[in-house]
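# Tertiary structure, described
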Amino acid sequence: MIRFDHVAKRYPNGHVGLHELSFHVKRGEFLFVTGHSGAGKSTLLRLLLAMERPTDGKIILAGQDLSRISTAHIPFLRRQIGVVFQNHQLLFDRNVFANVALPLQILGMSKDDIYKRVITALDRVGLKEKADQFPNDISTGQQQRVGIARAIVHQPLLLLADEPTGNLDPRLASEIMGIFQDINSLGTTVLIASHDLALIARMRHRLLTLQRGRLIGDGEAA
Ligand SMILES: Nc1ncnc2c1ncn2[C@@H]1O[C@H](COP(=O)(O)OP(=O)(O)OP(=O)(O)O)[C@@H](O)[C@H]1O
């Protein structure tokens, strides 16, 4: 599903975000990426989204070579990926349904298909009954769940999350992880960048540890 082969990312100012990074992720895996601030977690996610290109090495995602992908093909690549951010980036002047529907409207999907998919996605995160509410009228944990519904509504092969529980209390963080687990059990590959080592250890999944742009650990979190 994902293959990094001796990947390096050097930024134009000379800063090296990643050095010689190699790893392989199978379809359907659930894994975490951790490391201190500046270790290279966001760089790794940006490379997977083709927001950055590697300066060296090769990245294959779902059979596509991201080191060579044309700009015209990038929107097609992104349709196979869902992204969850720490600050969920919801539109506060639109209700929950409209926030989740947005990616499908951009794809030009029919109203009927949008309705079915949005309700399915909201059901997956346990928020079907909140479809008509506005983000300001639901809790922070529920807002984060809307962000997850929006990330999975186009049924991506890969779900990426950058610190998705960063501003949540431990109980809500566990709840959100349970939702990622459910999504993964339906076949989506899930990759989560997180600092929360206690939470990661409880989940018992594969953990990639980065330190100053280098991979220093790859195994089940202990
Ligand atoms: N656009 C950029 N230009 C120059 N250097 C950058 C750029 N983006 C990141 N870096 C550098 O690359 C390294 C890795 O940064 P990255 O954002 O990937 O780390 P991170 O692990 O996600 O950190 P955090 O947990 O703070 O988000 C850091 O040294 C950072 O300063």
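The notes below deal with the structure included here. Because the structure is predicted, anything quoted here is derived from the model rather than measured.

### What about helix 5 (residues 140-152)?
- With 13 residues, helix 5 ought to run about 18 Å at 1.5 Å a step, and its terminal C-alpha atoms sit 19 Å apart, in line with that.
- When you tally the buried positions in helix 5, you get twelve out of 13 residues, the bulk of the element.
- Taken together, the buried positions of helix 5 are Gly141, Gln142, Gln143, Gln144, Arg145, Val146, Gly147, Ile148, Ala149, Arg150, Ala151 and Ile152.
- Taken together, the buried residues of helix 5 touch strand 6 (81-84), helix 3 (96-106), helix 4 (111-124), strand 7 (158-162) and helix 6 (170-185).

### Quick look at the site of the ligand
- In the neighbourhood of the ligand, 14 residues make up the surrounding shell, with Ser37, Gly38, Lys41, Ser42 and Thr43 lying closest.
- One nitrogen or oxygen atom from the side chain of Tyr11 is found 3.5 Å from a nitrogen atom belonging to the ligand.
- Side-chain polar atom of Arg46 to a nitrogen atom of the ligand: 3.3 Å apart, as the coordinates give it.
- Compared with its free state, where it exposes 630 Å², the ligand has 66% of that area covered by protein.
- Ranked by residue count, the leading element in the shell around the ligand is helix 1 (residues 41-48), at four residues.
- Here the shell around the ligand is built from residues that sort into two nonpolar, ten polar and two charged.

### Focus on the layout of surface pockets
- Considering only enclosed or pocket space, the largest pocket measures out at about 590 Å³ in volume.
- What lines the largest pocket is a set of 18 residues, among which Arg78, Ile81, Pro103, Ile106 and His154 lie closest to the centre.
- Those elements giving two or more residues to the lining of the largest pocket turn out to be helix 2 (74-78), strand 6, helix 3 and helix 5.
- Partitioning the lining of the largest pocket into residue classes produces twelve nonpolar, three polar and three charged.

About the cut-offs
- Residues numbered from 1 in each chain as written.
- Predicted model: local features only at pLDDT ≥ 70, side-chain atom pairs only at ≥ 80, totals over all residues.
- Heavy atoms only, no water.
- Helix = DSSP H or I, 4+ residues; strand = E, 2+ residues; numbered from the N terminus.
- Expected span 1.5 Å × (residues − 1).
- Buried < 20%, exposed > 50% of the residue type's maximum accessible area, 1.4 Å probe, protein only.
- Contact = heavy atoms within 4.5 Å.
- Near = heavy atom within 4 Å.
- Polar contact = N/O pair within 3.5 Å; in protein donor to acceptor, adjacent residues only side chain to side chain.
- Areas by Shrake-Rupley, 256 points an atom, 1.4 Å probe, with all protein chains shown as cover.
- Nonpolar A, V, L, I, M, F, W, Y, C, P; charged D, E, K, R; others polar.
- 1 Å grid on protein atoms, 1.4 Å probe; cavity = no way out; pocket = protein on both sides within 12 Å on 5 of 7 lines; lining within 4 Å.
- Points joined across faces, edges and corners; volume = space filled by probe spheres on them.

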